[in-house]
Amino acid sequence: MSAKDAPPPLPEPLLVGVADSHTHLDMQSGTVEEALTKAAAVGVTTVVQVGCDVKGSRWAAETAAAHANVHAAVALHPNEAPRIVLGDPDGWSRQGAREAGGDAALDDALAEIDRLAALPHVLGVGETGLDFFRTGPDGMAAQERSFRAHIEIAKRHGKTLVIHDREAHADVLRVLDEEGAPDRTVFHCYSGDAEMAGICAAKGYYMSFAGNMTFKNAQPLRDALAVAPLDLVLVETDAPFLTPAPFRGRPNAPYLIPVTVRAMAAVRGIDETAMAEALAVNTARAFDY
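The shown structure was predicted, so the numbers you read here are calculated from the model rather than taken from an experiment. (Residues numbered from 1 in each chain as written. Predicted model: local features only at pLDDT ≥ 70, side-chain atom pairs only at ≥ 80, totals over all residues. Heavy atoms only, no water.)

A. Here's a closer look at empty space enclosed by the protein. Taken as a whole, this structure holds 1 cavity of 30 Å³ or more when the rule is applied. Estimated volume of the largest cavity: approximately 40 Å³. Contributing elements (two or more residues each) for the lining of the largest cavity: α1 (32–41) and β2 (44–50). Classifying every residue of the lining of the largest cavity by side-chain character gives 5 nonpolar, 3 polar and no charged. (1 Å grid on protein atoms, 1.4 Å probe; cavity = no way out; pocket = protein on both sides within 12 Å on 5 of 7 lines; lining within 4 Å. Points joined across faces, edges and corners; volume = space filled by probe spheres on them. Helix = DSSP H or I, 4+ residues; strand = E, 2+ residues; numbered from the N terminus. Nonpolar A, V, L, I, M, F, W, Y, C, P; charged D, E, K, R; others polar.)

B. Geometry of the pattern of salt bridges. A full pass over the atoms with the stated rule returns 16 salt bridges. The closest approach of N and O atoms between Arg83 and Glu80, which form a salt bridge, is 3.3 Å. With a gap of 3 residues between them, Arg83 and Glu80 both fall in helix α3 (residues 80–86), about one helical turn apart. Arg115 serves as the salt-bridge partner of Glu112, at 2.9 Å between the closest nitrogen and oxygen. (Salt bridge = Lys/Arg side-chain N within 4 Å of Asp/Glu carboxyl O.)

C. How the structure looks around the packing of helix α5 (residues 137–157) against helix α6 (residues 169–179). Relative to each other, α5 and α6 sit at 45°, their axes nearing to 11 Å. When the interaxial angle is binned, α5 and α6 end up oblique. For α5 against α6, the interelement crossing comes out right-handed. Listed contacts from α6 to Glu144, Phe147, Arg148, Ile151 and Lys155 of α5 are Val172, Arg174, Val175, Leu176, Glu178 and Glu179. (Axes fitted to C-alpha atoms, helices over the stretch in contact; angles between N-to-C directions. Parallel < 35°, antiparallel > 145°, perpendicular 65-115°, else oblique. Left-handed = near helix turned anticlockwise from the far one by under 90°. Contact = heavy atoms within 4.5 Å.)

D. Quick peek at the layout of surface pockets. Size it by volume and the largest pocket reaches roughly 930 Å³. His77, Asp131, His164, Arg166 and Asp238 are, among the 34 residues lining the largest pocket, the residues nearest its centre. Take the lining of the largest pocket: its biggest share by element is 3 residues, from strand β5 (residues 160–166). Residues that form the lining of the largest pocket fall into these classes: 11 nonpolar, 11 polar and 12 charged.

E. Main features of the pairing of strand β7 (residues 206–209). What you see with β7 is no split at all: Tyr206 and Ser208 on one side and Met207 and Phe209 on the other are buried throughout. In the sheet, strand β6 (residues 185–187) pairs with β7 via 2 bridges, with the strands oriented parallel. Paired with Phe187 across the two strands is Met207, which belongs to β7. Handedness of the crossover is the feature at issue here: the chain leaves β6, passes through helix α7 (residues 194–203), returns alongside β7, and the resulting connection is right-handed. Of the strand pairs in this sheet, β7 and strand β8 (residues 233–235) are connected by 3 bridges, and their pairing is parallel. Considered in β8, the bridge of Phe209 is made with Val235. Crossover β7 to β8 through helix α8 (residues 219–227) is right-handed. (Buried < 20%, exposed > 50% of the residue type's maximum accessible area, 1.4 Å probe, protein only. Pairing = 2+ DSSP bridges. Right-handed = clockwise from strand over helix to strand, strands pointing away.)

F. Summary view of the pairing of β2. Among the 7 residues in β2, 6 count as buried, and that is most of the element. Two strands pair when backbone bridges link them, and strand β1 (residues 18–23) and β2 are joined in this way by 4 bridges, in the parallel orientation. For Ala19, the partnering residue across the bridge sits in β2 and is Thr46. Read as a crossover between parallel neighbours, the route from β1 over α1 to β2 is right-handed. Here β2 pairs with strand β3 (residues 70–74) via 4 bridges, running parallel. Across the sheet, the residue bridging to Val48 is His71, located in β3. Assessed by its sense of winding, the connection that carries the chain from β2 through helix α2 (residues 54–66) to β3 is right-handed.

G. How the structure looks around the nonpolar core. Ranked by internal contacts, the top residues of the largest apolar core, which has 83 residues, are Phe147, Leu176, Phe187, Tyr190, Phe209 and Met264. Examining the composition of this core, we find that 6 residues originate from one element, helix α4 (residues 102–117), more than from any other. (Core = buried A, V, L, I, M, F, W, Y, C linked by side-chain atoms within 4.5 Å.)

And the structure:
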């Protein structure tokens, strides 16, 4: 194993237990039990396991049912909807190459997400939203249709909406306004600027910050964190992605949450325990546990 592939060391434990509000344990190496044990050792006592497709959402629901400190969110990722409708000849996603299924296939997949969203240990519907980074104009209609359906599912089941917003800020906010956002809405891996943070704050949307807020080029994220109301801020890993500095490029996991919490506390000018206390309360409120 090269140094780049080696898991980063365990950080100093936090004194207050916090939650990783968005992780993908099914994409990380090792067992769920190992991941939870390492996380608990540094004060990360709860994780929200997020599905990106039907198979991953089923796995999230099963894993949450088996572990008291794991909560699930279920959804079709914005990039998954066009793949279902239009096909995925390159096999870019984890399912490999797929034929086009059309709108009927998307309806079938959404029906399964709806079924999973009704389960008691599934607390969120997500990650859903819009992603204009990887999806071209041909896929936009499928993405938006899927997003609107997820908003409806979240509201009908009284679950938290978890949003993936990549290079699509204005359109995500527009669809939320048009459909009416659920009572609890989380912008996962918040990627907007300080101005957008003001819009989200006015609407009561939670903003979840990931390890990329520690990157050198991420000053707009730090500016947003500086002005966001403290009671609307969450922390996440999005592991195995977005490993915080100084470990950028190495595998991420829930146990690295303290690195980001400390960076967030520095931006806010508060001590890490005050930051952790706020994050713990906010995440429980955001996901209603």
